[in-house]
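Here are the chains, one letter per residue:
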Amino acid sequence: MGQQYELKLMDDPEVLQRGKHARPLPGGHALATVIDIEPDRAPPPAKHPRPSKAKPTFLPREATAEDAFRLTLTQCKWHIAANVPAVVDGREIEGMHQLRVGFRRLRVALSSFGGEFRTPSLEALRGRARKISARLAGARDLDVFLSELFEPTATANGSADAFAVLRSRAQAARRRAWDDAVACVQSPIFVGFMSDLSDALDRRGWREGMHSGSHATKGIIAFEAPATTLAERMLNHRLAKAKKRARHLERLSDTKRHQLRIGLKKLRYTAEFFAPLYKRDDVERFVKRLSGMQDILGALQDVVVARTTLERLVEIDDGMSLVPQTSLSFAAGMVYGWHLECAAHTWENAVKRWKKFAKVDPFWNATPFE
């Protein structure tokens, strides 16, 4: 038998064993496997790291609220960790997207189980997750801008020189944003966050500060309540907030539209967290309609972000461009105008979709599995 290299999977972020030597893994974890390698042969080339989407929630139907919280956070943690190689080693666009989705899901999970679970230390973790996600946003925004917004317009219009300058500037900005994002994922801030999240799960940090008395009794009752009871309360809360944000839908500003999108996203993630407690067809029907509305609002927000991106690209003074500023502004205006016109039609569709969605009977009003 050839030499063995053993990789152990643990919740300890310091463990990555290769023979007798160890080093920390940026994501905090490693894949458990044993590989036999003939001593006179070079090891096979490593597979290109691939992005990983969130897996369907695992949640026993008899779970308590505390079980549901711990399992949901654990799955969010693994969604984040699974996409670290795709970002750091592969620089995969989809990997970056999934990494940010993982952080968004985690932040929603930390606020979707009621006040008894929102302890100071977990709220601090949620704040740290928001800051890390913000450092990843620039790379993701420029990925979307170049691939989905800029190129279709630049290809269809003239002013080739001006578009070439804007493209070059956007590509340079994207490289810088990606360098910063990768540095963030490899930093002690990221590794420390993953370690502290694992520690909070291991020691059940939501029970911190509990003492004897009415406060402790209330907390224990909330933790041991059926997950279905908690699910109905939290889903009703998320839906009510989304409907409140959708009032006067036809006249919503860009900021209000974005807030509605965030509300729908929180509702969707919360629905997915509790999905195993209900009939699959009912959940899928609800989530599909919700996702359609969310996608439309996401496309509209991309156009808003594109406007800011174009303004920055036009204003760059690198002293090297021979293209007049007026030509660059004209080209940027064509890109933004193209998508702004499309957005107007998209918004009309969004209003129609919302009216249909608002009439859908929530799946949690049906009888859960018995």
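My aim in this report is to walk through the structure given alongside it, one point at a time.

Definitions and cut-offs
Residue numbers restart at each chain and count upward from 1, following the sequence in its written direction. It should be noted that, the model being predicted, local features are given only for residues of pLDDT at least 70 and side-chain atom pairs only at 80 or more, the latter also being counted only at that level, while totals for whole chains, interfaces and linings use all residues. The side-chain quantities take in all heavy atoms of the structure and omit both hydrogens and water. Here a helix means four or more residues in a row that DSSP labels H or I, a strand means two or more in a row labelled E, and each is numbered from the N terminus. Residue contacts are counted whenever heavy atoms from the two residues lie within 4.5 Å of one another. Within 6.5 Å between ring centres, the rings of Phe, Tyr and Trp (the latter by its six-membered ring) count as paired, and their orientation is classed by plane angle as stacked under 30 degrees, edge-to-face over 60, tilted in between. The cut-offs for exposure are 20% and 50% of the maximum accessible area for each residue type, with area from a 1.4 Å probe on protein chains only; residues under the lower value are buried, those over the upper are exposed, and the others partly exposed. A ring is considered to have a charge above it if a Lys NZ or an Arg CZ atom is located within 6 Å of its centre and within 35 degrees of its normal. Take the buried Ala, Val, Leu, Ile, Met, Phe, Trp, Tyr and Cys residues and link them wherever side-chain atoms come within 4.5 Å; each set so joined is a nonpolar core. How far a helix is expected to stretch is found by multiplying one less than its residue total by 1.5 Å. Each C-beta atom gives one direction from the helix axis, and the arc is the one those directions make. Structural elements are reduced to axes, namely lines fitted to C-alpha atoms, with helices fitted over the stretch in contact, and the angle between N-to-C directions of any two is expressed from 0 to 180 degrees. Roughly parallel means an angle under 35 degrees; roughly antiparallel means over 145; roughly perpendicular covers 65 to 115; every other angle is labelled oblique. Crossing handedness: left-handed means the near helix sits turned counterclockwise from the far one by under a right angle, and right-handed means the same turn made clockwise. Three classes are used, and their members are as follows: Ala, Val, Leu, Ile, Met, Phe, Trp, Tyr, Cys and Pro are nonpolar, Asp, Glu, Lys and Arg are charged, and the others, Gly among them, are polar. The salt bridge criterion pairs a side-chain nitrogen of Lys or Arg with a carboxyl oxygen of Asp or Glu, the two atoms within 4 Å. Patch membership requires over 30% relative accessible area and the absence of a salt bridge. Like charges are linked within 9 Å, and nonpolar side chains (Val, Leu, Ile, Met, Phe, Trp, Tyr) within 5 Å. The Shrake-Rupley method, run with a 1.4 Å probe, gives the accessible areas here. Residue values count only the displayed protein chains as cover. Only four residue types enter the tally: Lys and Arg on the positive side, Asp and Glu on the negative side; His and the chain ends are excluded. Just so you know, the charge point we use is NZ for Lys, CZ for Arg, CG for Asp and CD for Glu.

Structural notes on the overall build of the protein chain
Turning to step 1, where the next piece is worked out: Looking only at helices and strands, the protein chain has 11 helices and 4 strands in total.
Turning to step 2, where the next piece is worked out: Restricting the contact set of the protein chain to residue pairs at least 6 apart, pairs at least 24 apart contribute 79%.

Brief notes about the packing of aromatic side chains
Turning to step 1, where the next piece is worked out: Following the criterion strictly, the structure yields 16 aromatic pairs and no others.
Turning to step 2, where the next piece is worked out: Each ring, one from Phe286 and one from Phe363, has its centre 5.4 Å from the other, and the planes form 75°; the classification is edge-to-face. Here the residue Phe286 occupies a position in helix α10 (residues 280-315), and Phe363 occupies one in the segment after α11 (325-357), the gap between them amounting to 77 residues. Of the two residues examined, Phe286 and Phe363, each falls in the buried class.
Turning to step 3, where the next piece is worked out: Every member of this aromatic cluster is reached through a ring pair, and the members are Phe69, Phe113, Phe117, Trp206, Phe223 and Phe274.
Turning to step 4, where the next piece is worked out: The ring of Trp347 has Arg257 lying over it, and the distance from NZ or CZ to the ring centre is 4.0 Å.

Points about the nonpolar core
Looking at soluble globular proteins, one finds that nonpolar side chains tend to be buried together.
Turning to step 1, where the next piece is worked out: Counting residues in each nonpolar core, the largest one holds 80 residues, and the members touching the most others are Phe103, Leu106, Phe193 and Phe274.
Turning to step 2, where the next piece is worked out: With sequence-adjacent residues up to four places away left out, Phe103 is seen in contact with Ile80, Ala129, Ile132, Ser133, Leu136, Phe190 and Phe193.
Turning to step 3, where the next piece is worked out: Of all hydrophobic cores here, the second largest spans 21 residues; its members include Leu146, Ala162, Ala306 and Leu328.

A closer look at helix α8 (residues 227-245)
Turning to step 1, where the next piece is worked out: Helix length check: α8 (19 residues) gives 27 Å between terminal C-alpha atoms against 27 Å at 1.5 Å per residue, within 8%.
Turning to step 2, where the next piece is worked out: Along α8, the residues that are buried comprise Ala227, Leu230, Ala231, Met234, Leu235, Arg238, Leu239 and Ala242. Down the axis, α8 shows its buried residues gathered within 150° of arc, on one side only.
Turning to step 3, where the next piece is worked out: For α8, the secondary structure elements touched by its buried residues are α1 (65-82), α3 (93-109), α9 (254-274) and α11.

Notes on the packing of α8 against α9
Turning to step 1, where the next piece is worked out: Where α8 contacts α9, the axes come no closer than 9 Å and their chain directions differ by 165°. In terms of orientation, α8 and α9 fall into the roughly antiparallel class. As α8 packs across α9, the resulting crossing turns out to be left-handed. Touching Ala227, Leu230, Ala231, Leu235, Arg238, Leu239, Ala242 and Arg245 of α8 are Gln259, Leu260, Ile262, Gly263, Leu264, Lys266, Leu267, Thr270, Ala271 and Phe274, all from α9.
Turning to step 2, where the next piece is worked out: Taken together, the residues of the contact of α8 with α9 sort by class into 12 nonpolar, 3 polar and 3 charged.

Some thoughts on the pattern of salt bridges
Turning to step 1, where the next piece is worked out: In total, this model carries 16 salt bridges according to the counting rule given.
Turning to step 2, where the next piece is worked out: Residue Asp179 is joined to Arg91 by a salt bridge in which the shortest nitrogen-to-oxygen separation is 2.9 Å. With Asp179 in helix α5 (residues 160-185) and Arg91 in the loop between α2 (84-88) and α3, this pair connects stretches of sequence that are 88 residues apart.
Turning to step 3, where the next piece is worked out: Overall, Asp179 belongs to the partly exposed group, its relative accessible area being 43%.
Turning to step 4, where the next piece is worked out: The class for Arg91 is partly exposed, based on a relative accessible area of 38%.
Turning to step 5, where the next piece is worked out: For Arg105, the salt bridge identified is with Glu272, shortest N-O distance 2.7 Å. Here Arg105, found in helix α3, pairs with Glu272, found in helix α9; they are 167 residues apart in sequence, far enough to count as distant. Each of the two residues, Arg105 as well as Glu272, counts as buried.
Turning to step 6, where the next piece is worked out: Each of Glu66, Arg204 and Arg207 takes part in a single network of salt bridges with overlapping partners.

A few points about the packing of α5 against α11
Turning to step 1, where the next piece is worked out: Where α5 meets α11, the closest approach of the two axes is 8 Å, and the angle between their N-to-C directions is 80°. Classified by the angle their axes make, α5 and α11 are roughly perpendicular. Contact residues: Ala162, Phe163, Val165, Leu166 and Arg169 in α5; Ser327, Leu328, Ala331, Ala332, Met334 and Val335 in α11.
Turning to step 2, where the next piece is worked out: A per-class count over the contact of α5 with α11 returns 9 nonpolar, 1 polar and 1 charged.

Details of a positive patch on the surface
Turning to step 1, where the next piece is worked out: Taken together, the side chains of Arg289, Lys352, Arg353 and Lys356 present a region of like positive charge at the surface.
Turning to step 2, where the next piece is worked out: Ranked by the residues each element gives to the positive patch, the list is headed by α11, at 3 residues.
Turning to step 3, where the next piece is worked out: Following the sequence through the fold, Lys356 ends up in helix α11.

A closer look at helix α6 (residues 188-202)
Within an α-helix, residues lying three or four positions from one another point in the same direction, as the helix has 3.6 residues per turn.
Turning to step 1, where the next piece is worked out: When the terminal C-alpha atoms of α6 are compared, their 21 Å separation across 15 residues agrees well with the 21 Å that a helix rising 1.5 Å per residue should span.
Turning to step 2, where the next piece is worked out: Within the span of α6, buried status applies to Phe190, Val191, Phe193, Met194, Leu197, Ser198, Ala200 and Leu201.

Notes on the environment of Gly114
Turning to step 1, where the next piece is worked out: Structurally, the position occupied by Gly114 is in the loop between α3 and α4 (120-156).
Turning to step 2, where the next piece is worked out: Of the residues examined, Gly114 reaches a relative accessible area of 8% and is grouped as buried.
Turning to step 3, where the next piece is worked out: Between the C-alpha atom of Gly114 and that of Ala65, which follows or precedes it by 49 residues, the distance is 9.6 Å.
Turning to step 4, where the next piece is worked out: Aside from chain neighbours lying at most four places away, what touches Gly114 is Arg233 and Met234.

Keep in mind these values describe shape, not function.
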